[in-house]
Amino acid sequence: MQELKFISKAQNLKVLQNILKSAKILPLLITNKEEFSTNPNGVIKQILKMQAKKFVVRSSSFSEDSKVCSNAGAFLSLLNIEAKEELLKEAILKVADSMPDLKDEILIQPMLDDIAMCGVAFSVDKDNFAPYYCIEFDKSGTSHAITDGSAKEKFSFFSHRGAKDLEDKDLKSLIDLIKELEKLYNYPFIDVEFAKNKKGELYCLQVRPLVEPYLNLFNALPKEALKRLQKRFISLQRKLKNLHGKRAIFGVMPDWNPAEIIGLKPKRLALSLYKEIVTDSIWAYQRDNYEYLNLRSHPLMHSFLGIPYIDVRLSFNSFVPKNLDSKIASKLVDYYLDCLDKEPSLHDKIEFNIVFSSYDFNLQNKLKKLKEAGFNENELKRLEFSLLELTNEIIHPKNGLYLKDLKKIKKLPKLYKKLMESDLSILDKIYWLIEDCKRYGTLPFAGIARAGFIAVQMLNSLVETGFFTQEQKNEFLNSLQTISKRLSYASNQLDSNNKEQFLEEFGHLRAGTYDILSPRYDEAFSEYFDTEQKIELKKTKPYVLDSIMQNKLNRLLKEHGIKVNALEFMEFLRVAIEGREQAKFEFSKLLSKAISLIGELGEYYGINKEQMAHLDIKSILSLYSSLYSKSPKERFLSEIAQNMQEYKLTQALKLPALLRNEKEIFSFFGIKNSPNFITQLDVVAKTAKEGESDLKGKIVLIYAADPGYDYLFTKGILGFITCYGGANSHMAIRASELGMPACIGVGEEYFAELLKHKRLRLNCGSGQITCL
């Protein structure tokens, strides 16, 4: 059969009517403004012959749906037009007037009823032509919810083009339709609108070519790479000595949430830095030090073809108290794994909704879930007492574990100053900056962050049990004097006289903490700050418990066996939460300087930052103690070239946010995210992306929730939404502290949808985002 050519929306369907085997085409009539103006009654008569109760009248301009220009949605389409002459005439003229040419076509078809599922299917990822079938659909019974963005419950499915035939009959029939269309048009980049009725009949509503993007990754991800990943995933399922849990699950957000900090597809330098200073060993040392299970030598994060994944089974083990009976621990970890498997949307909230990692005032009530899951009273009591003992050791007012870490982190400024004033080479300085960052930075930070989490958990439980109101909790958080708040006040008073002093303190911060391509505040001051723009900042006042509340809290603490008094407890909350932010600020100085020196090292060898971003940190650190015959420049360039090639594969790769079985490596449904709304406020405003210059009075859309984005709070923003981030992330805490409406962690698909809209309503009280 002769190869078909894409003509127009209407003509494509007309040609396919008698050819397509894998789906049906609804009856259709094609006209244009010129024809309709000369014979309107004749056209209407032909339409009514289709004997439908309702019709759809769609644009089919010759300036849309081509291989070089999409113009999707540029012209009018009208649905549910009743089979009445005047209504049809009015609809046809409206659609005709929306198009530029008198000869542009108007497509009229019966409205499909009894719809079971309806949506859009792509033969590749429309943004980069990665080799995946991408299908979005809903089951609401409408024919337009996916295309107009009104779907309340959207299903997203992705399948690599090399995957085996699917078991799901509906999805298989859709992919069969795409394959047939690809063959008919001899073109692999196709967009199909489809619907399936309750009888199981599949209809093709539209087919058009996709416009080739700037980056075409169609051949970047061979099937063999996914097969290797499958084998590795299966091998990681094995049961390891001293590790509880019958299987392994991997996620991009649990625990040290790499998707939030370094992004879903980081370049090699950022990925390797995060592994080096946090997830390879430091994380386990901290948990061991804080009386959780000893998991040293176990790396927490794996790179699956360049995407960072947390070993969730390992993470769950690391939240088990050391002194808990081994059989209970094993049962507990399996329970955690089963919970996450059943509710994958909790992947960014495991410590709030699944794991019992510390004691709080509502713990006894929370533990009822375990009783329902088959744990007996003895097991519950032993877990409760283990968590109480562990928590008391951490929060003790004199010997608390976090206090030792606070002392340790205070050594960093002197170490940093001494190192910067030394005459060591760039290479040696990088090595020692990283070493000091681990020992005196991320290790104590991890401990203080653990105390900070416990503080937030306990504070939340005071609200859950009715001791505090939500307003009292917010008042306490607003009273905190964090480093981020200092930054807000300092930046609001910026002028030419104090700019140097400001940069001396805050200049090392960058929007992407681990990203060499993200400039520091002192490298791109004008991009981050405007000395002319001043915003009104809320004044904070100390939070003081009156004597009645102090007595009530003292009784509560004693009842629960928490070995601190009311004032000591409130001081712990304050110091732990403020300390976490301060510790992060201090270790980021060393990390940021190391990244800057890596840039300088690249300059020395004639390698730019874009290339250095693809170099593994271990390749640099190894030069401290190893000398090779080959020059570092040659070795660096060779490795960079290889890593850049692999990064193309990473860019093409699609994997679920939570990887639960090996089949999902080839085909999977997107997770329905349950984002974290902060405050109870409701705000309507225009939207802005993080890099835009005019942010005042807008809702800002941020990809991650990295601490380097604190500069946004100096811009007079009304609220913000992040793609990634958890309920306990830095930006979530900052939003609570400032009383600013925010939504943390909406997920990639929803975030991409929100980016298309210029105005939003962010209603945190009702947990809704509405596109206006």
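Residues numbered from 1 in each chain as written. Predicted model: local features only at pLDDT ≥ 70, side-chain atom pairs only at ≥ 80, totals over all residues. Heavy atoms only, no water.

The protein goes by PEP-utilising enzyme mobile domain-containing protein in an unreviewed UniProt entry, where it is assigned to Helicobacter valdiviensis.

Asks: Describe the pattern of salt bridges, listing the residues and the values that go with them.
Replies: Scanning the model with the defined rule gives 46 salt bridges in all. For lysine 756, the salt bridge goes to glutamate 753, with nearest N and O atoms at 3.4 Å. Taken together, the shared-partner salt bridges in this structure form one network comprising Lys246, Arg247, Asp338, Asp341, Arg660 and Glu664. (Salt bridge = Lys/Arg side-chain N within 4 Å of Asp/Glu carboxyl O.)

Asks: Which residues make up the environment of valine 57, and what are the values?
Replies: Tracing the backbone through its elements, the reader meets valine 57 in strand β2 (residues 54-60). Distance in space between the C-alpha atoms of valine 57 and alanine 449 is 58 Å, their sequence separation being 392 residues. Discounting residues that sit within four places of it in the chain, valine 57 has contacts with Ser77, Leu78, Ile81, Ala91, Ile92, Val95, Ile106, Leu107 and Ile108. (Helix = DSSP H or I, 4+ residues; strand = E, 2+ residues; numbered from the N terminus. Contact = heavy atoms within 4.5 Å.)

Asks: Please provide a residue-by-residue account of the nonpolar core, values included.
Replies: Ranked by internal contacts, the top residues of the largest apolar core, which has 125 residues, are Phe316, Phe468, Tyr514, Leu553, Phe569, Phe572 and Ile620. Tallying contributions element by element places helix α18 (residues 426-464) first for this core, with 18 residues. Counting residues domain by domain, this core receives three or more from each of domain 2 (222-354 + 626-658) and domain 3 (356-603). Apart from residues lying up to four places away in sequence, tyrosine 514 is in contact with Ile261, Ile262, Ala270, Leu273, Tyr274, Ile277, Val278, Phe587, Leu591 and Ile595. Formed by 84 residues, the second largest nonpolar core is a distinct cluster that contains Phe189, Val207, Leu226 and Val683. (Core = buried A, V, L, I, M, F, W, Y, C linked by side-chain atoms within 4.5 Å. Buried < 20%, exposed > 50% of the residue type's maximum accessible area, 1.4 Å probe, protein only. Domains from an automatic or database assignment.)

Asks: Lay out the sheet that holds strand β18 (residues 719-722) in plain terms, naming residues and giving numbers.
Replies: Strand order in the open sheet formed by 7 strands is β15-β19-β18-β17-β16-β20-β21, and the pairing between neighbours is mixed. Pairing within the sheet leaves two strands with one partner each, and these edge strands are β15 (676-678) and β21 (768-771). Taken pair by pair, the neighbouring strands of this sheet meet at an average axis angle of 30 degrees, ignoring direction. In terms of strand pairing, strand β20 (residues 759-763) meets β21 through 4 bridges, oriented antiparallel. (Pairing = 2+ DSSP bridges. Axes fitted to C-alpha atoms, helices over the stretch in contact; angles between N-to-C directions.)

Asks: Can you break down the sheet that holds strand β14 (residues 667-669) residue by residue, with the values?
Replies: Spatially, β9-β8-β5-β6-β7-β14 is the arrangement adopted by the 6 strands of the open sheet, whose pairing is antiparallel. Sheet topology places β9 (202-209) and β14 at the edges, where each strand pairs with a single neighbour. Adjacent strand axes in the sheet meet at a mean angle of 15 degrees, parallel and antiparallel pairs treated alike. As paired elements, strand β5 (residues 115-122) and strand β8 (residues 190-197) share 7 bridges and run antiparallel to each other. Paired with isoleucine 115 across the bridge in β8 is asparagine 197.

Asks: Describe the domain arrangement of the protein, listing the residues and the values that go with them.
Replies: We note that the domain assignment places domain 1 (9-209), domain 2 (222-354 + 626-658), domain 3 (356-603) and domain 4 (673-771) within the protein. Spacing between the C-alpha centres of domain 3 and domain 4 amounts to 21 Å. On the domain 4 side, the residues contacting the 28 residues of domain 3 number 19 residues. When domain 3 packs against domain 4, the two sides together hide about 2100 Å² of surface, and 50% of this comes from carbon and sulfur. The largest per-residue losses of area from domain 3 upon contact with domain 4 belong to Ala511, Gln533 and Ile535, which jointly make up 21% of the total buried on that side. Viewed at the interface, domain 4 and domain 3 are joined by 0 salt bridges. Here domain 3 and domain 4 share 1 residue pair in polar contact (both at pLDDT 80 or more) between them. Counting residues per element, the ones that place at least two in the side of domain 3 that touches domain 4 are α18, α19 (470-479), α20 (483-492), α22 (525-528) and α24 (566-604). (Buried area = accessible area lost by both parts, 1.4 Å probe. Polar contact = N/O pair within 3.5 Å; in protein donor to acceptor, adjacent residues only side chain to side chain.)

Asks: Can you lay out the packing of aromatic side chains for me, pointing to particular residues and giving the numbers?
Replies: Counting across every chain of the model gives 38 aromatic pairs. Here phenylalanine 189 and phenylalanine 218 contribute two aromatic rings whose centre-to-centre distance is 5.1 Å and whose plane-to-plane angle is 90 degrees, an arrangement assigned as edge-to-face. Highlighted residues: phenylalanine 189 in the loop between α5 (169-185) and β8 and phenylalanine 218 in the loop between β9 and α6 (223-235), separated in sequence by 29 residues. Taking relative accessible area as the criterion, phenylalanine 189 reaches 10% and is therefore assigned buried. Residue class for phenylalanine 218 comes out partly exposed when judged on its relative accessible area of 21%. Ring centres 4.6 Å apart and planes at 55 degrees place the aromatic pair tyrosine 521 and tyrosine 528 in the tilted group. The exposure classification of tyrosine 521 matches that of tyrosine 528, with both residues buried. Counting every residue linked through ring pairs, the aromatic cluster contains Phe502, Phe506, Tyr521, Phe525, Tyr528, Phe529 and Phe585. The ring of phenylalanine 122 carries lysine 126 above its face, with NZ or CZ at 5.9 Å from the centroid. Above the ring of phenylalanine 375, the side-chain terminus of lysine 331 is found at 4.7 Å from the ring centroid. (Phe/Tyr/Trp six-rings, centres within 6.5 Å; stacked < 30°, edge-to-face > 60°. Lys NZ or Arg CZ within 6 Å of the ring centre and 35° of its normal.)

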